[in-house]
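# A closer look at the structure
The lines below spell out each chain.
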Amino acid sequence: MTPDARATPPTDAATSARFKKQKRRDTKPEVALRKELHRAGLRYFVDKAPLKGMRRRADVVFPRRRVAVYVDGCFWHSCPEHATHPRNNAQWWADKLAANVARDRDTDRRLVEAGWTVVRIWEHEDPAVAAERVTEAVRPGD
């Protein structure tokens, strides 16, 4: 990441307004997954840091089972199938998205080292299929 990659690039008013509307939690894919998990009888915490002192929050957390679930947006986390690359401020965005992916891998590593299971779900995945993956992690062998 370049030294000033964290600095906000100049953007037009319409782009700024669009990004300000982006939800940090309770996105449609997250809510759809949570509904499926609830339907499967699972209870969980929402938008919670799995590890004490870790500022990175998981979308769904099962603390007793030590399972952290992240629902990753295709744009923000560089989905291999659906990633797009903005043309305006291209280098800034490339650095920003690469840093997001690096942070995701670091988060995964830290959690695994602490004995957690990490489940990453792309926003485009079918919620029922994703819920099955989460259920398998929470209730292995059921």
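Above this note sits the structure.
Heads up: these notes are all about the structure in this document. Residue positions are counted from 1 within each chain, in the order its sequence is given. In keeping with the predicted nature of the model, local features appear solely for residues at pLDDT of at least 70, side-chain atom pairs appear and are counted solely at 80 or more, and the whole-chain, interface and lining totals rest on all residues. Each side-chain value is worked out from all heavy atoms of the structure, with water and hydrogens disregarded.

### Focus on the side chain of Asp108
Worth spelling out the cut-off: Going along the chain from the N terminus, every DSSP run of H or I of four or more residues is numbered as a helix, and every run of E of two or more is numbered as a strand. Exposure classes here rest on a 1.4 Å probe applied to the protein chains alone. A residue is buried below 20% of its type maximum, exposed above 50%, and partly exposed in between.
In this fold, Asp108 is placed in helix H3 (residues 90-113). Residue Asp108 is classed as buried on the basis of its relative accessible area, which comes to 15%.

### Points about the packing of aromatic side chains
Heads up, the condition is: Note on aromatic contacts: the rings of Phe and Tyr and the six-membered ring of Trp form a pair at centre separations within 6.5 Å, being stacked when their planes are under 30 degrees apart, edge-to-face when over 60 apart, and tilted otherwise. Think of it as a cone above the ring: NZ of Lys or CZ of Arg counts as a charge over the ring if it is within 6 Å of the ring centre and within 35 degrees of the ring normal.
Tallied over the full model, the rule gives 5 aromatic pairs. Ring geometry for Trp92 against Trp93: centres 4.7 Å apart, planes inclined by 90 degrees, an arrangement best described as edge-to-face. Taken individually, Trp92 and Trp93 each receive the classification buried, so the pair is uniform in this respect. Among the aromatic residues, those joined into a cluster by ring pairs are Phe75, Trp76, Trp92 and Trp93. The ring of Phe45 has Lys48 lying over it, and the distance from NZ or CZ to the ring centre is 5.1 Å. Sitting above the plane of the Tyr70 ring, Arg120 keeps its charged end 4.2 Å from the centroid.

### Observations regarding the pairing of strand E3 (residues 67-72)
Threshold: Only when DSSP finds a minimum of two bridges between them are two strands counted as paired.
In terms of burial, E3 is a largely internal element, 6 of the 6 residues being buried. Here E3 shows two buried faces, one formed by Val67, Val69 and Val71 and the other by Ala68, Tyr70 and Asp72. Direction of pairing for strand E2 (residues 58-62) relative to E3: antiparallel, over a ladder of 3 bridges. Bridge pairing in E3 places Val60 opposite Val69. Linkage of E2 to E3, two consecutive antiparallel strands, is achieved through a turn of 4 residues, within which Arg66 is found at a positive phi near 55 degrees.

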